[in-house]
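Examination of the molecular architecture
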Amino acid sequence: MPNRSYNKSIDWITVGLYSLLVIFGWLNIYAANFNPENPVFFDTSKEYFKQLVWIGFSLLFVGMILITDSKFYVEFAYIFYGFTILLLVVVLLFGKEINGAKSWFEIGPIRFQPAELSKVATNLAVARALSRYGFSFKKFTDLVKASAVVLFPMLLILLQNDTGSALVYFVFIIVFYREGLTGYILTFGLIAGIVTTLTLLIPNSTILGLIALSIIGILYFKGVRKDLFKALVIGGVILGASYAVYEYSNSTIDLEYVLIPAILFVSIYLLSISISKRIHKFIPTYLLILWSAIILALTADYFFEDVLSHYQRTRINVLLGIEEDPLGAGYNVNQSKIAIGSGGLTGKGYLQGTQTKFNFVPEQSTDFIYCTVGEEWGFMGSTAVVLLFLALLLRLLYLSDKQHSTFSRVYGYGVAAIFFFHFAINIGMTIGLSPVIGIPLPFFSYGGSSLWGFTLLLFVFLKLDTNRNELIR
Amino acid sequence: MGGINNRTLLIAAIMVGLGLIFIVKLFILQVHDPTYKFSAVSNTRRQVTQYPSRGLVYDRNGKLLVSNQAVYDVMVVPRDIVPFDSIDFCESLDLSIEQLRERFVQMRKDIRSRKISTYKPSVFLKQLSAEQYGEFQEKLYKFKGFFVQGRTLRKYEYPSAAHVLGYVGEISEGQLKKDAYYSQGDYVGISGIEQTYEQELRGKKGVKYMLVDVHGREKGAFRGGEHDTAAIAGKNITLSLDIELQQYGELLMQNKIGSIVAVEPSSGEILALVSAPNYDPSLLIGRDRSRNFPVLLTDSLKPLLNRAIQSAYPPGSTFKTINALIGLQEGTLKPYTTHECFMGYFARGLSVGCHLHDSPLNLTQSIQCSCNAYYCYELRNILDNPKYENIQESFNVWKDYLVKFGFGYRLGSDFRNEVRGFVPNADYFDKVYKKSWSSLTVISLSIGQGELLTTPLQMANMGAMIANRGHFLTPHIIKDIEDSEIDERFAEIHETDIDIQHFAPIVNGMELAVWGGAGSTARIAQIPGISICGKTGTAQNPHGDDHSIFMAFAPKDDPKIAIAVYVENGGFGARWGAPIASLMVEKYLTDSISTPYRQWIEKRMLEGDLINAEQKLQ
């Protein structure tokens, strides 16, 4: 398509959505800090006042980004990436520990979290790596390289003990998927998630049984009937025998291991038939899924008990409804749900909230700022925020697909994916759908680092978008 | 490519899908499921102030004087109130509907004037009895926004020493603004030691955050109590007061107006501080205070006035000791100086009367017999001393001595409402007499009359100073504060700059005033076996009968007690002042009244009624 101009103007729709989110976010930070006893506005120690300053700086950054040439971001992607990796290492050594995470630089009155900057840098580096000529996820080395770019900062942030910020890097899988990574990995990840969750809820033996049954069901509908029947008869005999041994030997091993010999036999039997008769070529794939799930189920408990910290375990337990502790670990979510729920259809009115005042809800202007929205603006307001985010995400996807250069497209997806992760986890956590992971809601949560990080992330893309018809090299 | 990439569509679908899940969940939370709305109403954090118990007060012998008793206040959080059954409410609290309505009107007024907050609890009704508390607590679930908070009131173990102990009452608005520690409805010490030692006695309030359900019931600590702070109990204090002596003094002063102050000369510790008429401190506890206070306040005899520190009187003849000391120090008087007295002092048409006694007499005799004429000569010698250029200069020298003795300024005891009395300076007379005055003009100062006012505390301090032969320690009532030190200024020795040898003739004169032969003014004060020294005083009073005054200390060589007694309209010093003072001294030093004669004096003092007799006359 011939274009009249290579330089189109900035995407005003996105700018509009950004502005709405920032303004609405600030109004809610004001409300979360509003003291009905003593309503003062001009108090430089108050979060809403500081946030106003951060917003001012953000605008300055936006200006700086827009006058910078797009090529700069491509050229400097790796340098910028290297610089933030350095910062992450330095903060690990000399940083200040806040809330158990050693992830802050403190210079005088200013505190700064390099993890926020590293999101932008990593996204740039990923875009650079994936846009390299001849890059393909089908090539193993390319897959490793791309993964390394993501995993390196993630690991460093994990070492800072900032699990929440580290988890964000998982969303690059969405970008990878869009750029050609096989869908199996996504599917596999999904199944892994479901199995892991289930292992915590129901006994392992039941899960193994369920997994086995569903694989049997699938194979049955795929047309494996006669061989499956034979295998099951023999499998049943083996199961019976091993159960008998289990009972009479007074063994102390877990019940689920009784299932293993039978499943093992059936698997080998089916596999040998598939290979020798060269029929049902899909069987090995399903057996792989079956065994992965079994191993996952058997190791999930270990992971859960020995790898996760106590509070993480408790939070997950509470989320899954295993533990009920409305004043302890479940306190945050419980209070948060009460605050949001009390908003009703139309909310209590601006500054009229009672639950998000007096520190009922913890972190009420940072991680739990959405509670204020829910309480004071009700279902209307909270839905509006969800819709605003969806609009922003879809707009970003739309713009990304319009990019002529791979770099811009990949970067755009990265931005959308990161926003999506924050949106999903943060709001999900306040309404009790995801575990409590302390990550901010973009543009809403109080804090200079996060606001600047997200602004930078977004406006670099909007700058790239002004050159969407060019091949930026 | 054409159109949108399939994978992009899938990603978009996941995003939109999650968005929809959120919206559905929000709909359930906010619109469909009412549980959370109830939870929010019920989910109120209540801030319960933990009131510390106020420090206890003991007397010098470790007897408990003031303790605490528990009472319960009904608290209200105005914005949490929902309509309730007001009849039921009133019945359980013994209120009339009108009173309740009045309370609500007042509450609204307080909210409008920002005295109380709609968010925070404030006192709705004060001091329930234990039974009311029990009944109300049962019904509390019906009255949202109300709850009961316990706190403590003072309990007085003796019906005595009200002026010393002072009282505790609700904080005034002025104080509230000054000190951020307090909040509306808090109790503070208003007078006496309760006021002076408020900081020590009050302790430190704590706060407990409770989660409260929809019925106002407490559901446990907010966030496991991590924000709670415990109340720290107030410090116990020990007073130098001897409660037995105090009670005895109050008994002796019954039906009289005036005061007794007894101090331990070596330490400045106040042993007794009586102001008559007095009242039972229990009258001013809690709710009763609002009923009794106006009665006491409007009583014509002013029982709330602490005469021992707040009334300034002419010291009368007790002051002759002071003039003598100044004269000796200035050299205008020698112990052997004699003057003649012809029943008074007469000069240039002015006369100061005297009574019958031997003449001529020396310094010691002049104290013994309290000769007025002697001191007229004596003061004139001081003021007309050629060493000084004019009367102004010499008068100010005289005045400076007085200030050193503790007159004219507040002594700085631990009573905040102590008055300073009055000592004139030369400027004062310059103004009054337009600079034309002489030693003769101010001659009444020689016998402790005229433009001179002292408090009974200052008079007792004068006794202590003479007992110490020239120095005193600021009189004070505090003896010990638990886990802390009493103010250093109470250990400081105040020198009067009178040389020690000048005290012998004065002390001897005071001894003879009690123990001498004919002409001695205070023979009634004789205590068998105790070398008490004293000086009577009779102060003229333009409003009625003379005031009866006695200033004494005992024993002579190792003084344990110095005392001043001031009985308004009691006539001669020997009539009320001397016997009462001697009984106090005897009681303190021997713990009993020994001989039948002394007991007869005691009976006469106890029966003496200067108040009702006066009323009969009118």
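Residues numbered from 1 in each chain as written. Chains lettered and ligands numbered in written order. Predicted model: local features only at pLDDT ≥ 70, side-chain atom pairs only at ≥ 80, totals over all residues. Heavy atoms only, no water.

1. Side note on the overall build of chain B
Looking only at helices and strands, chain B features 22 helices and 20 strands. Based on the C-alpha atoms only, the size of chain B along its principal axes is roughly 135 × 65 × 45 Å. Residue pairs at least 24 apart in sequence account for 71% of intrachain contacts in chain B once pairs closer than 6 positions are excluded. Carbon and sulfur atoms form 52% of the exposed surface of chain B, whose accessible area is close to 26700 Å². Counting 66 positive and 69 negative side-chain charges, chain B places the averaged centre of each group 8 Å from the other. (Helix = DSSP H or I, 4+ residues; strand = E, 2+ residues; numbered from the N terminus. Contact = heavy atoms within 4.5 Å. Areas by Shrake-Rupley, 256 points an atom, 1.4 Å probe, with all protein chains shown as cover. Lys, Arg positive; Asp, Glu negative; His and termini not counted. Charge placed at Lys NZ, Arg CZ, Asp CG, Glu CD.)

2. A look at the overall build of chain A
Looking only at helices and strands, one finds 17 helices and three strands in chain A. Counting every position in chain A, which comprises 473 residues, the buried fraction comes to 52%. In chain A, the share of contacts with a sequence separation of at least 24, taken over all contacts with a separation of at least 6, comes to 72%. Of the roughly 21600 Å² of accessible surface on chain A, 68% is carried by carbon and sulfur atoms. (Buried < 20%, exposed > 50% of the residue type's maximum accessible area, 1.4 Å probe, protein only.)

3. As for the environment of A:Thr366
All names here are of chain A. Positionally, Thr-366 belongs in the loop between helix H14 (331-341) and helix H15 (369-401). In this structure, the C-alpha to C-alpha distance between Thr-366 and Leu-441, residues 75 residues apart in sequence, is 7.9 Å. Those residues in contact with Thr-366 that sit more than four places away from it in its chain are Ser-445 and Tyr-446.

4. As for the packing of aromatic side chains
All names here are of chain A. The full count for this structure, using the stated rule, is 51 aromatic pairs over all chains. Aromatic pair Phe-24 and Phe-444: ring centres 5.8 Å apart, planes at 85°, arrangement edge-to-face. With Phe-24 in helix H1 (residues 12-33) and Phe-444 in the loop between helix H16 (406-430) and helix H17 (448-465), the pair connects residues that are 420 residues apart, well separated along the chain. Note on Phe-444: relative accessible area 0%, which makes it buried. Between the aromatic rings of Trp-54 and Trp-452, the centroid separation amounts to 5.6 Å while the plane-to-plane angle is 85°, which identifies the pairing as edge-to-face. (Phe/Tyr/Trp six-rings, centres within 6.5 Å; stacked < 30°, edge-to-face > 60°.)

5. Remarks on a negative patch on the surface
Residues and elements named next belong to chain B. Taken together, Asp-480, Glu-482, Asp-483, Glu-485 and Glu-488 make up a surface patch of like negative charges. Tracing the chain through its elements places Glu-488 in the loop between strand E16 (478-481) and strand E17 (493-495). Its relative accessible area of 70% is what places Glu-488 among the exposed residues. (Patch = residues over 30% accessible without salt bridge, like charges linked within 9 Å, V, L, I, M, F, W, Y side chains within 5 Å. Salt bridge = Lys/Arg side-chain N within 4 Å of Asp/Glu carboxyl O.)

6. Points about the sheet that holds strand E1 (residues 96-98) of chain A
Residue and element names in this part refer to chain A. What the three strands build is an open sheet, ordered E1-E2-E3; its pairing is antiparallel. Because the sheet does not close on itself, it has two edges, and the strands there are E1 and strand E3 (110-112). Across the sheet, the mean angle from the axis of one strand to that of its neighbour is 45°, orientation sign disregarded. For strand E2 (residues 101-107) and E3, the ladder comprises three bridges, and the chain directions are antiparallel. Within E3, the residue paired with Phe-105 across the bridge is Phe-112. Docked against the sheet, helix H3 (residues 70-94) engages E1, E2 and E3, running at close to 95° with respect to E2. (Pairing = 2+ DSSP bridges. Axes fitted to C-alpha atoms, helices over the stretch in contact; angles between N-to-C directions.)

7. Structural notes on the nonpolar core
Judged by nonpolar contacts, the single largest core of 117 residues is most densely connected at A:Leu130, A:Phe176, A:Tyr411, A:Phe419 and A:Phe443. Within the second largest apolar cluster, 104 residues are counted, among which are B:Val66, B:Val71, B:Leu304 and B:Ala308. (Core = buried A, V, L, I, M, F, W, Y, C linked by side-chain atoms within 4.5 Å.)

8. Brief notes about the UniProt feature "domain: Penicillin-binding protein transpeptidase" (unreviewed entry) in chain B
The positions UniProt marks with the feature "domain: Penicillin-binding protein transpeptidase" (unreviewed entry) are residues 258-580 of chain B. Counting secondary structure, residues 258-580 of chain B comes out at 30% helix and 17% strand; the distance between its end C-alpha atoms is 12 Å. (UniProt positions renumbered as here; feature names shortened; annotations may be inferred.)

9. Regarding the domain arrangement of chain B
Residues and elements named next belong to chain B. For chain B, the assigned domains are domain 1 (46-239) and domain 2 (243-617). Each of domain 1 and domain 2 has a C-alpha centre, and these two points are 44 Å apart. Around 3200 Å² of area is buried between domain 1 and domain 2 when both sides are counted, 57% of it from carbon and sulfur atoms. Interface area lost by domain 1 to domain 2 is led by Arg-60, His-163 and Tyr-167, which between them contribute 23%. In this assembly, domain 1 and domain 2 are joined by three salt bridges. The shortest N-O distance in the salt bridge between Glu-244 and Lys-63 comes to 3.5 Å. For the side of domain 1 that touches domain 2, the elements supplying multiple residues, two or more each, are strand E3 (64-76), strand E4 (122-128), strand E5 (146-156), helix H6 (162-165), strand E6 (168-170), helix H8 (192-196) and strand E10 (237-239). (Domains from an automatic or database assignment. Buried area = accessible area lost by both parts, 1.4 Å probe.)

10. Some details on the confidence of the model for chain A
Counting all residues, the mean pLDDT for chain A is 83, and 87% of those residues have values of 70 or more. Contacts from residues 1-5 of chain A, a stretch scored under 50 in pLDDT, to residues over four places away or in other chains number two contacts. (pLDDT = per-residue confidence, 0-100.)

11. Brief notes about a nonpolar patch on the surface
On the surface, A:Val53, A:Phe57, A:Leu60 and A:Met64 cluster together to form a nonpolar patch covering roughly 350 Å² of accessible area. With respect to the element layout, A:Leu60 can be found in helix H2 (residues 47-67).

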